[in-house]
Amino acid sequence: MRTLRMILIKKVLFFLFAFLFVMPQVLIAQIAKSDSIALSNVISDFKESITQKDTIRFNSLFFSESVDFTGIMSKKTEWSIKKDFSDFQGVTVSNHKNFINDICKTPKKQEEKFYNIVLASDGAVGAISFDFAFYSDEKMFQWGREKWNLAKDGEKWLITDVVFSIHFPNVEPFPFK
């Protein structure tokens, strides 16, 4: 009888612990379904505007006339370039218009693939983070981690800034499949 009571108490304590400490984390991660759909549509529009080389569609995804794109190279990738260019700093700062214009200049097929996507929102501001791989002519050019901050303007989510890491696949193996 005493053993059965101890087992019951342990089960109750386990479920209480799970409810008090795990459930709040799950609830924090949940966002409104309409925001989840709208943020997912931003991702789809971003991807499709790259593959279709659609500057008008791409530029409509951004909050202002010039939204920063900041890329930070991993140390290994940076050193692979510093071998030949000792002054190289491993940071690239551009903006969304330069990004899509560079894509449109090349006749090669361009594509960005997304992995491990996480959406967050409180209804006014949001964030999208993910792992990515960028392909040119079906050959992986770089991979990394990317994050977008977004603001809701009326009913439309717009990207306010983009930051990403840069890893070259010939220097560091691609970890996502």
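Below you will find a few notes about this structure.

Some words on the sheet that holds strand 1 (residues 68–73)
Strands sit in the order 2-1-6-5-4-3 across an open sheet of six strands; the sheet is mixed. The two strands at the open ends of the sheet, each matched to only one other strand, are strand 2 (91–95) and strand 3 (110–121). Shown here is a sheet whose adjacent strand axes are inclined to one another by a mean of 20°, direction ignored.

Examining the packing of aromatic side chains
Scanning all chains against the criterion turns up 19 aromatic pairs. Taking the centre distance of 4.3 Å and the plane angle of 40° together, the rings of Phe114 and Phe130 count as tilted. One end of the pair, Phe114, is in strand 3; the other, Phe130, is in strand 4 (residues 125–136), and 16 residues separate them in sequence. We note that Phe114, like Phe130, is buried. Stacked on the ring of Trp79, the Lys or Arg Lys82 has its end atom at 5.2 Å from the ring centre. The ring centre of Tyr135 lies 4.7 Å from the NZ or CZ of Lys113, which sits over that ring.

Description of the pairing of strand 5 (residues 139–153)
Note: strand 4 against strand 5, 12 bridges, orientation antiparallel. Paired with Ala127 across the strands is Asn149, a residue of strand 5. Linking strand 4 back to strand 5 in an antiparallel pair, the connection comprises two residues, with Asp137 at a positive phi of about 55°. Two strands pair when backbone bridges link them, and strand 5 and strand 6 (residues 156–166) are joined in this way by eight bridges, in the antiparallel orientation. Bridge assignment links Asp153 to a residue of strand 6, and that residue is Lys156.

Here's the deal with the packing of helix 2 (residues 33–51) against helix 5 (residues 96–105)
Helix packing for two helices is described by the angle between their axes and how far apart those axes are. Interhelical geometry of helix 2 versus helix 5 gives an angle of 40° and a closest axis separation of 9 Å. Across the interface between the two elements, Phe46, Ser49 and Ile50 from helix 2 touch Phe99, Ile100 and Ile103 from helix 5. When the residues that make up the contact of helix 2 with helix 5 are grouped by side-chain class, the tally is five nonpolar, one polar and no charged.

Let's talk about unusual backbone geometry
Positive phi, close to 55°, is recorded for Lys53, a residue that is not glycine. Overall, Lys53 belongs to the partly exposed group, its relative accessible area being 24%. A positive phi is found at Asn116, a non-glycine position, where the angle reads about 55°. Mapped onto the secondary structure, Asn116 falls in strand 3. Overall, Asn116 belongs to the partly exposed group, its relative accessible area being 48%.

Things to note about the nonpolar core
Within the largest apolar cluster, 28 residues are counted, with the highest numbers of intra-cluster contacts made by Phe46, Phe62, Ile128, Trp148, Leu150 and Ile159. Elements with a contribution of two residues or more to this core: helix 2, strand 1, helix 5, strand 3, strand 4, strand 5 and strand 6. With seven residues, the next largest nonpolar core counts Tyr115, Ala133, Tyr135 and Met140 among its residues.

Observations regarding helix 4 (residues 75–82)
Of all the residues in helix 4, the buried ones are Thr77, Glu78, Ile81 and Lys82. Looking straight down helix 4, one finds that the buried residues subtend no more than 140° of arc, so they occupy a single side. For helix 4, exposure combined with an orientation more than 90 degrees from the buried face picks out Lys75, Lys76 and Trp79.

Remarks on the side chain of Ser74
With respect to the helices, strands and loops of the structure, Ser74 is situated in the loop between strand 1 and helix 4. Sequence-distant contacts of Ser74, defined by excluding residues within four places in its chain, comprise Ile166, His167 and Glu172.

What counts, and where the lines are drawn
- Residues numbered from 1 in each chain as written.
- Predicted model: local features only at pLDDT ≥ 70, side-chain atom pairs only at ≥ 80, totals over all residues.
- Heavy atoms only, no water.
- Pairing = 2+ DSSP bridges.
- Helix = DSSP H or I, 4+ residues; strand = E, 2+ residues; numbered from the N terminus.
- Axes fitted to C-alpha atoms, helices over the stretch in contact; angles between N-to-C directions.
- Phe/Tyr/Trp six-rings, centres within 6.5 Å; stacked < 30°, edge-to-face > 60°.
- Buried < 20%, exposed > 50% of the residue type's maximum accessible area, 1.4 Å probe, protein only.
- Lys NZ or Arg CZ within 6 Å of the ring centre and 35° of its normal.
- Contact = heavy atoms within 4.5 Å.
- Nonpolar A, V, L, I, M, F, W, Y, C, P; charged D, E, K, R; others polar.
- Core = buried A, V, L, I, M, F, W, Y, C linked by side-chain atoms within 4.5 Å.
- Arc of directions from axis to C-beta.

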